[in-house]
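Structure at a glance
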Amino acid sequence: KDPLGVSAYTDWKLRSRAFWFPETVVALSGRLTITDADNTDGFLEIGRIYAGDTFSPTINTDIGHSLKWETDAQSVATAGGTVHTLAANTYRVMNFQLSHLTPGDRGAFMDIIRKVATHKDIFVALRPETGGEMERDYSFAAKFTETPDVTANPLRYSTTCKLREV
């Protein structure tokens, strides 16, 4: 039980926290200091820290994105006629379109796709700095399920992003 009371992450196995810098920070190294005097476990487990290139398009995602929970669970019919399912992890799947990429957005997006394709994970935040459940639901480590292509339209570019939580 969370000693601070109910939070947006109560009963979640994994939790994340994003810290957004107000402007570009260029450094050769950095230091992250975490102090938790009330931690009875004596340690914190940090799976990933993301720092590096960011992408924020000039015009936000289109209306109509999708976000859902998926699972790799498989169900098997038993001889008695019931269905047996072994517990499995759940993960988020999100799809969205960027239909109004500027020429500058297109170039930055293509550089990111060249670096990560479908084999590297990224941190996605569709609702950064909104707080609460909205930010929690739309912020997670993910991989592209297919490499996005960029379509040229008159005066703009567009792409569809399909992501799976990792």
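A short tour of the structure in this document, coming up. No experiment lies behind these values; they were computed from the predicted model shown.

Rules used in this analysis
Residues numbered from 1 in each chain as written. Predicted model: local features only at pLDDT ≥ 70, side-chain atom pairs only at ≥ 80, totals over all residues. Heavy atoms only, no water. Salt bridge = Lys/Arg side-chain N within 4 Å of Asp/Glu carboxyl O. Helix = DSSP H or I, 4+ residues; strand = E, 2+ residues; numbered from the N terminus. Buried < 20%, exposed > 50% of the residue type's maximum accessible area, 1.4 Å probe, protein only. Expected span 1.5 Å × (residues − 1). Arc of directions from axis to C-beta. Phe/Tyr/Trp six-rings, centres within 6.5 Å; stacked < 30°, edge-to-face > 60°. Lys NZ or Arg CZ within 6 Å of the ring centre and 35° of its normal.

1. What about the pattern of salt bridges?
- Tallied over the entire structure, the rule returns six salt bridges.
- A salt bridge links D72 to R164; the shortest N-O distance between them is 3.4 Å. Note that D72 is positioned in the loop between β1 (66-71) and β2 (75-77) and R164 in strand β8 (residues 156-165), a separation of 92 residues in sequence.
- Given the relative accessible area of 48%, D72 is considered partly exposed.
- Residue R164 is classed as partly exposed on the basis of its relative accessible area, which comes to 29%.
- Between E146 and K162 there is a salt bridge whose closest N-O contact spans 3.9 Å. Placement of E146 in the loop between β6 (139-144) and β7 (150-153) and of K162 in strand β8 is noted, with a sequence separation of 16 residues between them.
- Given the relative accessible area of 30%, K162 is considered partly exposed.

2. With respect to unusual backbone geometry
- Positive phi, close to 40°, is recorded for A117, a residue that is not glycine.
- Of note, A117 is situated in the loop between α1 (103-116) and β5 (122-125).
- Its identity as a non-glycine residue notwithstanding, L155 has a phi of 70°, on the positive side.
- Structurally, L155 can be placed in the loop between β7 and β8.

3. Some thoughts on α1
- The end-to-end C-alpha distance of α1 is 20 Å, a good match for the 20 Å that 14 residues give at a rise of 1.5 Å each.
- Among all positions of α1, only D105, F109, I113 and V116 are buried. In an axial view of α1, the angular spread of the buried residues amounts to 75°, which keeps them on one side of the axis. Across α1 from its buried face, at more than 90 degrees, point the exposed residues P103, G104 and R114.

4. Brief notes about the packing of aromatic side chains
- As enumerated under the stated definition, the model contains two aromatic pairs in all.
- Between the aromatic rings of Y50 and F123, the centroid separation amounts to 5.8 Å while the plane-to-plane angle is 40°, which identifies the pairing as tilted. Here Y50, found in the segment before β1, pairs with F123, found in strand β5; they are 73 residues apart in sequence, far enough to count as distant.
- Classification of Y50 as partly exposed rests on a relative accessible area of 34%.
- The exposure class assigned to F123 is partly exposed, which follows from its relative accessible area of 25%.
- The positively charged end of R127 is found above the aromatic ring belonging to Y138, 5.2 Å away from the centroid.
- The side chain of R164 reaches across the aromatic face of Y91, ending 3.5 Å from its centre.

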